[in-house]
Amino acid sequence: METDCTRDDARVKSAARPAPLPAGTRLLHIGPHKTGTTAIQGALFDARDRLPEHGVEFPGNTRHPMEAVLAAVARPAMMGDAVPTEQHWARLVQQVKAAGRRTAVISSEFFADAEDDDTIARIVEQLGGDRVHVLVTLRPLARIMPSQWQQYVQNGLRMGYEDWLKHMLRKAPYEQPNPSFWRRHRHDRLVERWVRAVGPERVTVVVVDDRDRDRLMRTFEALLGLPENLLQPVPDTANRSLTLAETEMLRNLNKEFRGNELPDELYSKLVRNGAIMHMKNTCSPTPQDVKISTPRWALEDAARIAGEMIDGITHMGVRVLGDPALLSAVPKSAGERPAEPRIAPEVAAHALYGALAAAAEVPVRHSTPAKARTVHQTSSVELVKVLGHRCLKKLRRR
């Protein structure tokens, strides 16, 4: 019979610092989405110049090698973005090889989109074969669903949250409107696909505990043999989730956009990289903003499915760090009917301005050489000045 002492011992063991992986390992972090991937990628990229002195490399020239991984898993780019090419992937593979005997860490949630064994086997072989160790980070399905829905809305989805939940949870074959959801978040099948490629002894599953946000950083440090606290969170407002009002505003914009058959490239430029990006970087959610709330029936369905996934994963023989029971937990405060969402006028104004600035292709000028900034990294005052000058020039030419 399990006693309180036994449970306490299990908690201590799960929280203990894991032993580092062998030097020269290719640590392949495959996500999936909404499990702390952006935070880890930001911390690793920020520390990339200090990693080599500890025998670790973070290959790539950006925080997230999204184009390379999309090419590797043969998935399309986000709506309206440039098509990834095999050259993106080949460049990343060469950078991993250049790590030599050092440990290399490659992180992208889009690896979770690989669904056939041949693709996964090719990725593993090209990144190092038997040197590859796969790391999967998991969060409760109940917490993933609202985050994933608003992310789909940012890529053009027009379906409301409750209707989307019904399609994902109760309308077989559960593939519309987003077939990628269960490919990513049927976590037992995701782990099983990669186990078939590398074996259970080279797969580690990390259960992300939202009550201890530093734990994920400390786990990566331990597995990579890094000093504790070397990896630190990097603020990234561009990656914040949208509030319910912001998401509903965008969802209705998506309806107008699709209804008028505008080109996808325009959506990428004006909406996702214009309106949404500027709004995220200039407007912080307040306690008064209504959050996306999942109805009780969906939470119960998610808990049931999560229980099935936990059983599958724990019987595969993979190493599990953290408490698997957290994955089927139902948030106590969730399931309540949300208040009517209202978009603040200043938020709508920032979104509109972001689209206008992107439409005008506002250049950013510097008096001294500096790293170029994107539109959403530039203050509204600067953008207004440049946009005004451009309009005056056009009027004078006419």
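Summarised in this report is the structure supplied together with it.

## Some points on the overall build of the protein chain
So, point 1. The helix and strand tally for the protein chain stands at 15 helices and six strands.
So, point 2. Looking at the 398 residues of the protein chain, the share that counts as buried comes to 48%.
So, point 3. Considering only contacts in the protein chain between residues 6 or more positions apart, those separated by 24 or more positions represent 81%.
So, point 4. Carbon and sulfur atoms make up 52% of the accessible area of the protein chain, which amounts to about 20400 Å² in all.

## Here's the deal with the pairing of strand β4 (residues 132-138)
So, point 1. Most of β4 sits out of view: seven of its seven residues are buried.
So, point 2. The alternating pattern of β4 places Val132, Val134, Val136 and Leu138 and His133, Leu135 and Thr137 on opposite faces, both of which are buried.
So, point 3. In this sheet, β4 lies alongside strand β1 (residues 26-29) in parallel orientation, the contact comprising four bridges. Bridge pairing in β4 places leucine 27 opposite histidine 133.

## Focus: unusual backbone geometry
So, point 1. Between alanine 172 and proline 173 the backbone carries a cis peptide bond, its omega angle lying at 5°.
So, point 2. As for its position among the elements, proline 173 is in the loop between α7 (161-170) and α8 (180-185).
So, point 3. Across the junction of glutamine 176 and proline 177, the peptide omega takes the value 5°, indicating a cis bond.
So, point 4. The backbone of alanine 74 sits at a positive phi, close to 60°, despite the residue not being glycine.

## A word on the pattern of salt bridges
So, point 1. Enumeration over the complete set of coordinates arrives at 19 salt bridges.
So, point 2. One salt bridge connects arginine 75 with glutamate 115, and the closest N-O pair in it is separated by 2.6 Å. Here arginine 75, found in the loop between α3 (66-72) and α4 (86-97), pairs with glutamate 115, found in the loop between β3 (103-107) and α5 (117-127); they are 40 residues apart in sequence, far enough to count as distant.
So, point 3. Classification of glutamate 115 as partly exposed rests on a relative accessible area of 43%.
So, point 4. Arginine 211 is paired through a salt bridge with aspartate 209; the nearest N and O atoms lie 3.0 Å apart.
So, point 5. Taking the relative accessible area as the measure of exposure, arginine 211 reaches 69% and is therefore exposed.
So, point 6. Within this structure, Arg186, Asp188, Arg304 and Glu308 form a network of salt bridges that share partners.

## Focus on the packing of helix α9 (residues 187-198) against helix α13 (residues 296-314)
So, point 1. Here α9 crosses α13 at 25°, and the two axes come no closer than 8 Å. As judged from the angle between their axes, α9 and α13 are roughly parallel. In this structure, α9 uses His187, Asp188 and Val191 to contact α13, whose residues at the interface are Glu308, Met309 and Ile313.
So, point 2. Partitioning the contact of α9 with α13 into residue classes produces three nonpolar, one polar and two charged.

## As for the side chain of glutamine 154
So, point 1. Mapped onto the fold, glutamine 154 is located in the loop between α6 (141-153) and α7.
So, point 2. A polar contact of 2.9 Å, which involves the side chain of glutamine 154, links it to the side chain of lysine 280.
So, point 3. Excluding residues that lie within four positions of it along the chain, glutamine 154 makes contacts with Leu242, Leu250, Tyr267, Arg272, Ile276 and Lys280.

The rules behind these values
- Residues numbered from 1 in each chain as written.
- Predicted model: local features only at pLDDT ≥ 70, side-chain atom pairs only at ≥ 80, totals over all residues.
- Heavy atoms only, no water.
- Helix = DSSP H or I, 4+ residues; strand = E, 2+ residues; numbered from the N terminus.
- Buried < 20%, exposed > 50% of the residue type's maximum accessible area, 1.4 Å probe, protein only.
- Contact = heavy atoms within 4.5 Å.
- Areas by Shrake-Rupley, 256 points an atom, 1.4 Å probe, with all protein chains shown as cover.
- Pairing = 2+ DSSP bridges.
- Salt bridge = Lys/Arg side-chain N within 4 Å of Asp/Glu carboxyl O.
- Axes fitted to C-alpha atoms, helices over the stretch in contact; angles between N-to-C directions.
- Parallel < 35°, antiparallel > 145°, perpendicular 65-115°, else oblique.
- Nonpolar A, V, L, I, M, F, W, Y, C, P; charged D, E, K, R; others polar.
- Polar contact = N/O pair within 3.5 Å; in protein donor to acceptor, adjacent residues only side chain to side chain.

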